[in-house]
Amino acid sequence: MGKKSILRTDTDFISPSQLKVDFQRRKQPSRCVTVCLGLLCAVLLAGNIGQFIYYEIISRLASADPTQTSLQFQGDRLQDGYDASTAERKQLEAKLSNLTEERGQLQQSYTALTTERNEFKASFNNLTNENDQIEASYYTLKRENDQLQTSYNNMQKSHNNLTATKDQLQTNNSNLQREKDELQTLCITLRENRDQLQSNYSSLKINKEQLQASYNTLKQESNQLQTSYNNMQKRLEELQTNHNNLTAAKDQLQTNNRNLQREKDELRTLSITLRENRDQLQSNCSSLKINKDQLQISFNTTSTTDRPCQTSWSKFEMSCYFVSTEKKNWEHSRRHCIRKGADLVVIDSKAEQAFVNGLLTSDQEAWIGMTDSATEGTWMWVDGTPVTTTYWDAGQPDNVGWVQDCGDTKQKSSGVGVWNDERCSTKKNLICEQ
Ligand SMILES: [Ca+2]
Ligand SMILES: [Ca+2]
Ligand SMILES: [Ca+2]
């Protein structure tokens, strides 16, 4: 409020136009003096004119006119007029003297007013500067006022937030009061538990002493374990060294593996080429086999119809058959037959199966010339022909253990015997056909 009282409104300041009007008003005394001097000059001029008329006209009339009495009368009247004019002139002179004195006073007043005007002018300049400073202060204060207003608004918002926070805190306080009551109840319970725990603590203290004794024992064992650990640590370092060596070897092996992979790819390409050659050769082989069969038929019909079999061999139709007394696996059995100029038997008809069955003793099993080792489930005879007519036992072939790839026949007293697939490494009797 004190600062506001210092401030003036815009109307309180003296504008330059108002100051100019004041100076105009102060020039009026000099104007009055000028007017009065003009009037005085006019009065003096009228006096001179009257005096001239008296001496020139009246005197001339008195010397020329015989009617002396009337002229005397007119001269008296002029004398009276002159006296009146003289008295009036004296009054005017007195007024002139007064006016001259008044002008001197006015001149002094004018000088004093001029000095005062200069002082006012200097004061005006000071006031103008002061006004500028106050105006600058006013704008500064106005800006501060705006900032304070903004701060006040922010404070108002903060106040509202604090009020909301206060309400929240009051709610929290109520909750805390409730929790305090619950905690007091809990404290009572805990005190009871504390007493109980105190008694437990005494018991535990006794136990602790016992455990201390155990601890000492365990500490000794721990020292022993520490020694063992150190030994293990040394062993671990040795293993780490070995691991590093193995890692280097692994890297070398990986390099070798990549080289082998590349070589494998090359071999695969080569294998494809070889398979194509093989297919071509198989085609050629089939043609040759057909020729062989035709020649075989010609041979059988022309010269070997009654070809005798070797000792220990049995004759059936065009072939001779041999049953071994010793047992071999399937591969060795086949080699055994080949060494004798024969091969494992190929059964082409039910009559041949029945004949073979008759060569065996009761329930005897013997290898025959069929296998599915090339393709699981596709059975082939040793002469390269597929197995078409079959005499499998019930449930066969079952390929137990995924390793039963060779065929045998089992003697049956009724029927023609039955086949079974068996592990090729199993040793059995064998039947050759020549
Ligand atoms: Ca045969
Ligand atoms: Ca098989
Ligand atoms: Ca089987």
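Residues numbered from 1 in each chain as written. Chains lettered and ligands numbered in written order. Predicted model: local features only at pLDDT ≥ 70, side-chain atom pairs only at ≥ 80, totals over all residues.

Peer 1: Looking at this structure, how should I read the overall build of the protein chain?
Peer 2: If you tally the helices and strands in the protein chain, you get 6 helices and 8 strands. Sequence-ordered secondary structure for the protein chain, helices as α and strands as β, is α-α-α-α-β-β-α-β-α-β-β-β-β-β. When the 434 residues of the protein chain are sorted by exposure, 8% land in the buried category. Sequence separation of at least 24 residues holds for 67% of the intrachain contacts in the protein chain that already meet a minimum separation of 6. (Helix = DSSP H or I, 4+ residues; strand = E, 2+ residues; numbered from the N terminus. Buried ≥ 20, exposed ≤ 12 C-beta atoms within 10 Å, placed from the backbone. Contact = placed C-beta atoms within 7 Å.)

Peer 1: Could you clarify how one ought to interpret the confidence of the model for the protein chain in this entry?
Peer 2: Detailed reading of the predicted coordinates is not advisable wherever pLDDT is low. Of all residues in the protein chain, 82% have pLDDT values of 70 or greater, and the mean over the chain is 84. Note that residues 1–21 has pLDDT below 50 and, in this model, 7 contacts with residues that lie over four places away or in other chains. (pLDDT = per-residue confidence, 0-100.)

Peer 1: Can you walk me through helix 6 (residues 350–359) in this structure?
Peer 2: Each α-helix turn comprises 3.6 residues. Residues three or four places apart therefore point the same way. Every buried residue of helix 6 is listed here: Gln353, Val356 and Asn357. The buried side chains of helix 6 occupy one side of the element, clustering within an arc of 105° when seen end-on. Residues of helix 6 that are exposed and point more than 90 degrees away from the buried face comprise Ala351 and Gly358. If you follow the buried residues of helix 6, they end up packed against strand 2 (319–323), strand 6 (404–410) and strand 8 (429–433). (Arc of directions from axis to C-beta.)

Peer 1: Whenever I open this one, helix 5 (residues 330–339) confuses me. Can you help?
Peer 2: Of the residues making up helix 5, those classed as buried are Trp330, Ser333, Arg334 and Cys337. One side of helix 5 carries all its buried residues, which in axial view fall inside an arc of 95°. Relative to its buried face, helix 5 has exposed residues pointing more than 90 degrees away, namely Arg335 and Arg339. Next to the buried residues of helix 5 lie strand 3 (343–344), strand 4 (365–375), strand 6 and strand 8. Glycine 341, located one to two residues past helix 5, shows a positive phi value of around 80°.

Peer 1: Got a minute to help me understand the nonpolar core in this structure?
Peer 2: Nonpolar side chains in soluble globular proteins generally cluster together in the buried interior. Leu344, Val345, Trp367, Ile368, Leu430, Ile431 and Cys432 are the most contacted members of the largest nonpolar core, which has 18 residues in total. Looking at this core, the elements that each hand over two or more residues are helix 5, strand 4, strand 5 (378–381) and strand 8. Sorting elements by how many residues they give to this core places strand 4 first, with 4 residues. What isoleucine 368 contacts, discounting residues up to four positions off in sequence, is Leu344, Val345, Ile347, Gly407, Asp408, Thr409 and Ile431. (Core = buried A, V, L, I, M, F, W, Y, C linked by C-beta atoms within 7 Å.)

Peer 1: What's the story with unusual backbone geometry in this structure? I'm lost.
Peer 2: Across the chain, the bulk of peptide bonds are trans and the bulk of non-glycine residues have phi less than zero. In this structure, the amide linkage connecting glutamine 396 to the following residue, proline 397, adopts the cis form with an omega of 0°. Even without a glycine there, the phi angle at aspartate 363 is positive, about 60°.

Peer 1: In this structure, what is going on with the pairing of strand 8? I would like to understand it.
Peer 2: Looking down a regular strand, the side chains alternate between one sheet face and the other. Most of strand 8 is tucked away, with 4 of its 5 residues classed as buried. The sheet contact formed by strand 3 and strand 8 spans 2 bridges and is antiparallel. Looking at the pairing, leucine 344 lines up with cysteine 432 of strand 8. The pairing of strand 4 with strand 8 spans 2 bridges and is classified as parallel. Opposite alanine 366, over in strand 8, you have asparagine 429 as the bridge partner. (Pairing = 2+ DSSP bridges.)

Peer 1: Explanation requested: the environment of glycine 50 in the structure shown.
Peer 2: In this fold, glycine 50 is placed in helix 3 (residues 28–64). Sequence separation between glycine 50 and serine 85 is 35 residues; the distance between their C-alpha atoms is 7.8 Å.

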